Amino acid sequence: MADLRNPGGTPGGLWEFLAGLAMAVAGGYMLLSRVSVTTGFWSFWGYNAFGLTLVPFIFGIVLLFFNGRSLAGRLLVFAGLVMVFAGIIINLRIYFQNTSLFELLVMLVLLFGGLGLLARSLRSHV
C-alpha cells in the first residue's frame, strides 16, 4: 500500500507534491492554451507532393496482395506510412498567440515552479 505522507518513498513532501502538481498543471494548461497549430500545403520543391508520398505505399499494397510474405512489399508499406506521418508532422505550423509579458511570466513561474516543487517533494526532508 502506498504511503501518502511519503511520496516517492522518501519522508515528507505530500503538500509540496500536491501544490507542485497543481501549479505545473495550471501553468502547462495556460501555456498550451495560447498555442495555435495549423497546417499548410505539402510541398516538395514548390509542388504539391501529397500524392508522391502515397506511391511507395500503393506499390507495397500491390506487392502484398500479390504475395502476402513479400519483404519488399512490407518495407514499401512501412516506408509509405512513415512518409505520410512525417509529412503531416513536418507541415504543421505552430504559433504562440499574442500575450502580455506578465501573463507569460505567470505561466512560466507556475509551470517551472511547480516542476521544482514536484522534484523537491521527492527528496528526503530529514
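Residues numbered from 1 in each chain as written. Predicted model: local features only at pLDDT ≥ 70, side-chain atom pairs only at ≥ 80, totals over all residues. Heavy atoms only, no water.

S.K.: Looking at this structure, I do not really get the packing of helix α2 (residues 50-66) against helix α3 (residues 71-90). What am I missing?
M.R.: Helix-helix packing is described using two parameters, namely the angle between the two axes and the distance between the axes. Where α2 contacts α3, the axes come no closer than 7 Å and their chain directions differ by 155°. By the criterion of interaxial angle, the relationship of α2 to α3 is roughly antiparallel. The two elements α2 and α3 meet at a crossing, and its hand is left-handed. Contact residues: α2 offers Thr 53, Leu 54, Pro 56, Phe 57, Phe 59, Gly 60, Ile 61, Leu 63 and Leu 64, while α3 offers Ala 72, Gly 73, Arg 74, Leu 76, Val 77, Gly 80, Leu 81, Met 83 and Val 84. (Axes fitted to C-alpha atoms, helices over the stretch in contact; angles between N-to-C directions. Helix = DSSP H or I, 4+ residues; strand = E, 2+ residues; numbered from the N terminus. Parallel < 35°, antiparallel > 145°, perpendicular 65-115°, else oblique. Left-handed = near helix turned anticlockwise from the far one by under 90°. Contact = heavy atoms within 4.5 Å.)

S.K.: Help me understand α2, please; the structure alone is not making it clear to me.
M.R.: For an α-helix, 3.6 residues make a turn, and residues three or four places apart therefore share a direction. Here α2 contains 17 residues, and its C-alpha end-to-end distance of 25 Å stays within 8% of the 24 Å for a straight helix at 1.5 Å per residue. Along α2, the residues classified as buried are Thr 53, Pro 56 and Gly 60. Check the buried side of α2 and you find it contacts α3. (Expected span 1.5 Å × (residues − 1). Buried < 20%, exposed > 50% of the residue type's maximum accessible area, 1.4 Å probe, protein only.)

S.K.: Quick question: what am I supposed to make of a nonpolar patch on the surface here?
M.R.: Together, Leu 81, Phe 85, Ile 88 and Ile 89 make up a nonpolar patch on the protein surface, roughly 400 Å² of accessible area in all. Along the chain, the position of Ile 89 falls in helix α3. (Patch = residues over 30% accessible without salt bridge, like charges linked within 9 Å, V, L, I, M, F, W, Y side chains within 5 Å. Areas by Shrake-Rupley, 256 points an atom, 1.4 Å probe, with all protein chains shown as cover. Salt bridge = Lys/Arg side-chain N within 4 Å of Asp/Glu carboxyl O.)

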